[in-house]
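Here's the letter readout for the chains.
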Amino acid sequence: MTVVADTETAAQVETPFKKPRKRRKDGTERAGWLVRLTVLLIVLMWTLPTMGLLINSFRDSVDSSSTGWWTSVLNPFATEWTMGNYATVLTTGGLFDALINSLIVTIPATVIPITLAAFAAYGFAWLRFRGRGLLFGVLVGLLVVPLQLSLVPLLQVYQGTGLTGSFVGIWLAHTGFGLPLAVFILYGFISQLPKDLFESAFIDGASPFTAFTKLVLPLSVPALASFAIFQFLWVWNDFLVALVFLGTSSDVAVLTIELASIVGSRGEAYHLLTAAAFVSMVIPLVVFLALQRYFVRGLLAGSVKG
Amino acid sequence: MQAMTSEQMGPKIIRSLLVVVITFAALWFGLGFLSDPVAFQGMPPTVSKLIQAAIAIILGVAGIWALFYAGNSIIEALPARATDLLRPYLFVLPAIAVVGLYLIYPTVGTVVTSFTDVPEGEGFFYNYEQAFTSPEVILNLRNNLIWLIIAPAIAVVIGLIFAGMVDRIRLESLAKSFVFMPLAISFVGAAVIWKFVYAWKPEGQEQIGILNAIWVWIGGFLVDWGILAEVEPIAWLQAIPINTFALIAIMVWLQVGFAMVVLSAAIKGVPSELTEAARIDGASERQIFFRITIPSIKGSLLVVYTTIAIAVLKVFDIIFVTTGGNFDTSVVAVRMYQEMFRFRNFGQATTMAVILLVAVIPIMVVNIRNLRRQGIGA
């Protein structure tokens with residue numbers, strides 16, 4: 001039996017990555033070896049595949065096609081490490097262009113839905129008009145629709161209007177698919193802003209537009225950031241929407257498309273494939289590591305994306 | 001601002017119309033310039049690519065704001081009553097219009113097409129009859145079902161075990177970050193990572209995929225001890241039926257981080273009075289976990305399970321990139337893509353989409369209702 005000497009209460013947690021609670025408070029059983037071993041095993045299983053990819057991307061073609069990446073880890077000084085794979089994938093083939101294309105697609109496809117959704121969330125939360133409840137219900141209800149439902153009719157519209165293969169076309173497609181979630185998240189936040197704030201602004205002669213740009217947006221930064229990261233990663237990592245609406249031609253193909261085509265054409269050239277894969281993962285990983293806190297918050301709220 | 005005389009209104013309308021015209025002209029010329037093949041000739045390809053990128057990003061980002069600004073300046077130039085009446089719609093209608101075009105119209109269109117895009121003389125249910133009598137579609141549905149049964153359950157169980165255990169470990173946040181990291185990786189990227197893990201070399205050659213290396217190594221002992229007659233490396237992505245499970249493992253690997261984060265937050269939210277009281281009564285950590293923690297986080301467990309289930313039903317990238325749907329691994333979403341692009345059979349493609357919708361809706365309803373109850377997000 002364990003004896004409890006001190007019953008300090010755990011503070012509420014804001015994110016799972018901070019630990020406000022004092023570790024190992026008296027009375028708590030220490031983690032046994034079985035617990036430690038299980039955690040270690042899971043951590044290994046979740047890191048080794050990516051580690052293997054990263055390590056292999058620095059090995060030359062002979063090594064990477066004849067020995068496992070772990071042999072280089074075990075003999076680091078006998079291995080010839082090289083940056084050549086990265087030089088090759090970025091200068092030959094379309095990977096560099098694909099990297100730029102991914103930026104061209106992702107940045108507006110993140111900003112546009114946030115803008116539309118912030119305006120809409122403010123309108124639904126603070127302006128009175130006919131049809132408000134119905135329109136809001138419809139918009140959020142669309143969360144249930146998988147985007148596969150949109151593909152065939154939209155493709156026909158796009159082919160009719162020449163929007164296939166254009167950046168504007170894919171910005172709007174990602175905007176449409178991301179909006180219900182964006183409005184859902186931002187409405188939750190903006191509707192909770194204090195009422196007095198708007199009243200005093202209106203008394204001072206501000207129009208709703210000014211109130212929105214000068215008050216609502218700056219105050220909503222946490223919610224905007226949560227959704228922005230969510231949408232950024234979603235668009236950057238998207239494959240299906242880009243494949244259907246943007247296509248595989250080299251002047252517009254994004255990283256996921258280019259990477260998939262390398263898998264198809266040079267699937268056994270592991271030294272190049274691993275380098276290309278890592279190029280495609282660098283930016284989302286940096287965004288993720290830098291803004292983990294906001295991401296977790298968005299994840300908790302955004303777990304319903306359809 | 002609100003009370004405007006007619007003399008003031010004239011110039012204001014002209015000014016606001018000017019704003020609108022300039023906005024549209026800028027967008028029009030900017031986009032035309034971008035798609036103009038001559039405009040960037042003579043520059044080094046890298047430079048022209050970067051310039052195009054900058055223009056495109058600025059156009060996309062500034063354009064949306066310019067449109068709202070232009071719309072607002074028109075509305076504010078109108079008589080005060082009209083302004084008040086119309087303004088809310090300036091805020092909400094753009095969003096409604098976009099989802100109308102991108103979600104409502106196509107969803108209706110998909111459902112209609114699945115019933116009407118049939119050969120002459122056939123009934124409305126032709127596509128569905130075709131689908132449910134086709135052995136391939138049945139196989140896809142079976143695979144979807146296998147995914148749905150296995151992937152969410154395993155992801156939730158591992159996520160829960162890890163969240164529960166890591167809570168008591170010193171390097172908690174570091175360990176979590178490692179498990180969480182795959183969430184930032186695309187399905188395509190994960191497919192490449194795992195293709196490398198599953199890499200196969202013929203027997204006798206050195207294995208470069210870590211899974212086959214481990215398998216051959218362990219198998220060697222088993223052969224020595226007489227448990228196995230011989231050990232061969234396994235082509236994990238080609239060998240039926242093991243390949244479907246190998247693909248499911250990729251999905252689990254991607255989703256456990258999500259499960260872990262949500263469940264870990266939920267576990268930390270369990271009132272410590274409850275666990276302290278149980279501890280005083282002599283409960284072991286394991287008893288506390290199963291009798292107190294798990295019942296307290298039922299809601300979160302449901303959210304995580306349903307969310308992963310929906311992602312699993314729509315799985316496409318992982319299969320498309322690794323096996324292309326060959327070797328009996330295809331699912332409904334992959335089939336839909338192939339009907340659409342390879343066979344140009346929009347009737348079958350839309351039927352596959354409707355099947356997905358029908359499968360997803362009940363799970364989604366449970367999910368949203370549960371989220372509402374928990375007050376997350378809304």
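Each value, and the rule that gives it
Residues numbered from 1 in each chain as written. Chains lettered and ligands numbered in written order. Predicted model: local features only at pLDDT ≥ 70, side-chain atom pairs only at ≥ 80, totals over all residues. Helix = DSSP H or I, 4+ residues; strand = E, 2+ residues; numbered from the N terminus. Buried ≥ 20, exposed ≤ 12 C-beta atoms within 10 Å, placed from the backbone. Contact = placed C-beta atoms within 7 Å. Nonpolar A, V, L, I, M, F, W, Y, C, P; charged D, E, K, R; others polar. pLDDT = per-residue confidence, 0-100. Axes fitted to C-alpha atoms, helices over the stretch in contact; angles between N-to-C directions. Left-handed = near helix turned anticlockwise from the far one by under 90°. Domains from an automatic or database assignment. Arc of directions from axis to C-beta. Core = buried A, V, L, I, M, F, W, Y, C linked by C-beta atoms within 7 Å.

Got a minute to help me understand the overall build of chain B in this structure?
Along chain B, the regular secondary structure elements total 15 helices and zero strands. With the principal axes as the frame, chain B shows a C-alpha extent of 100 × 65 × 55 Å. In chain B, which comprises 378 residues, the share counted as buried stands at 44%. When contacts within chain B are restricted to residue pairs at least 6 apart in sequence, those whose partners lie at least 24 apart make up 66%.

Which parts of the structure should I look at to understand the overall build of chain A?
Helix and strand counts for chain A come out as 15 helices and zero strands. Here chain A holds 306 residues, and 48% of them are scored as buried. The long-range share in chain A, meaning contacts at least 24 apart out of those at least 6 apart in sequence, stands at 75%.

Please clarify how the interface of chain B and chain A should be interpreted in this entry.
Note on interface size: it is often stated as the accessible area lost on association of the parts. Tallying the contact residues gives 102 residues for chain B and 108 residues for chain A. Partitioned by chemical class, the residues of the side of chain B that touches chain A number 70 nonpolar, 17 polar and 15 charged.

Help me understand the confidence of the model for chain B, please; the structure alone is not making it clear to me.
Close inspection of predicted coordinates is inappropriate in any region flagged by low pLDDT. Scored by pLDDT, chain B has a mean of 88; 94% of the residues are at 70 or more. This complex was scored by the predictor with a pTM of 0.88 and an ipTM of 0.88.

Just checking my understanding: could you explain the packing of helix α5 (residues 135-166) of chain B against helix α12 (residues 298-313) of chain B for this structure?
Each pair of packed helices can be summarised by the angle the axes make with each other and by the distance between the axes. Residues and elements named next belong to chain B. Where α5 meets α12, the closest approach of the two axes is 9 Å, and the angle between their N-to-C directions is 145°. Of the two elements, α5 crosses α12, and the hand of that crossing is right-handed. Residue-level inspection shows N144, W147, L148, A151, P152, A155, V156 and G159 of α5 in contact with α12, the latter providing L301, V304, Y305, I308, A309, V312 and L313. A breakdown of the residues in the contact of α5 with α12 according to their chemical character gives 13 nonpolar, two polar and no charged.

When you look at the environment of A87(A) in this model, what are you seeing that I'm missing?
With respect to the secondary-structure elements, A87(A) resides in helix α4 (residues 84-91). With 188 residues separating them along the chain, A87(A) and A275(A) place their C-alpha atoms 9.3 Å apart.

Would you explain the domain arrangement of chain A in this entry?
Residue and element names in this part refer to chain A. One can read the domain layout of chain A as domain 1 (33-82) and domain 2 (90-301). Put simply, the middle of domain 1 and the middle of domain 2, counted by C-alpha atoms, are 34 Å apart. Taken together, the nine residues of domain 1 in the interface contact seven residues of domain 2. Secondary-structure elements contributing two or more residues to the side of domain 1 that touches domain 2 are α1 (33-56) and α2 (61-66). Across the side of domain 1 that touches domain 2, the residue classes tally to two nonpolar, five polar and two charged.

Just checking my understanding: could you explain the confidence of the model for chain A for this structure?
All names here are of chain A. Averaged over all residues, the pLDDT of chain A is 85; the fraction at 70 or higher stands at 87%. At the level of individual helices and strands, chain A shows its lowest average pLDDT in helix α15 (residues 292-301), which scores 73, and its highest in helix α12 (residues 240-246), which scores 95. The low-confidence segment residues 1-16, where pLDDT is below 50, has 36 contacts with residues more than four positions distant or belonging to other chains. The low-confidence segment residues 18-27, where pLDDT is below 50, has 20 contacts with residues more than four positions distant or belonging to other chains.

I keep staring at helix α6 (residues 132-141) of chain A and nothing clicks. Help me out?
Since there are 3.6 residues in each turn of an α-helix, residues three or four apart along the chain are aligned in direction. Residue and element names in this part refer to chain A. For α6, the set of buried residues is L135, F136 and L139. Down the axis of α6, the sector holding all buried residues measures 95°, keeping them to one side. Exposed residues on α6 whose side chains face more than 90 degrees from its buried face are G133, L134 and G137.

What is the right way to read the domain arrangement of chain B from this model?
All names here are of chain B. Splitting chain B by domain gives domain 1 (6-116) and domain 2 (129-198 + 236-374). Computed over C-alpha atoms, the centres of domain 1 and domain 2 are 38 Å apart. Facing the four residues of domain 1 at the interface are six residues of domain 2. Of the residues contributing to the side of domain 1 that touches domain 2, the split by class is one nonpolar, three polar and no charged.

What exactly am I supposed to notice about the nonpolar core here?
If you look at soluble globular proteins, the nonpolar side chains tend to sit buried side by side. A117(A), A121(A), V183(A), L186(A) and A95(B) are the most contacted members of the largest nonpolar core, which totals 192 residues. Examining the composition of this core, we find that 19 residues originate from one element, helix α5 (residues 95-126) of chain A, more than from any other. Apart from the residues within four sequence positions on either side, L186(A) is in contact with A117(A), A118(A), A121(A), S220(A), A223(A) and F227(A).

Looking at this structure, I do not really get the packing of helix α8 (residues 167-190) of chain A against helix α3 (residues 80-116) of chain B. What am I missing?
It is at 9 Å that the axes of α8(A) and α3(B) come closest, and there the two elements cross at 120°. Judged by the sense of rotation from one axis to the other, the crossing of α8(A) with α3(B) is left-handed. On α3(B), the residues touching L172(A), A173(A), T175(A), G176(A), F177(A), L179(A), P180(A) and V183(A) of α8(A) are A95(B), V98(B), V99(B), L101(B), Y102(B) and L103(B).

Quick question: what am I supposed to make of unusual backbone geometry here?
Glycine aside, the phi torsion of most residues is negative, and most peptide linkages are trans. All names here are of chain B. Residue I240 is joined to P241 through a cis peptide bond whose omega torsion reads 0°. Relative to the helices and strands, P241 is located in the loop between α8 (210-224) and α9 (242-269). In this structure, F327 takes a positive phi of about 55° despite not being glycine. Along the chain, F327 turns up in the loop between α13 (317-322) and α14 (332-341).

Help me understand the environment of T164(A), please; the structure alone is not making it clear to me.
If you trace the backbone, T164(A) turns up in the loop between α7 (148-161) and α8. Linking T164(A) and V254(A), residues 90 residues apart in sequence, is a C-alpha distance of 14 Å.

Is there a simple way to explain the environment of I55(A) in this structure?
The topology assignment puts I55(A) in helix α1. In this structure I55(A) touches W69(A), S72(A) and V73(A), once residues within four positions along its chain are discounted.

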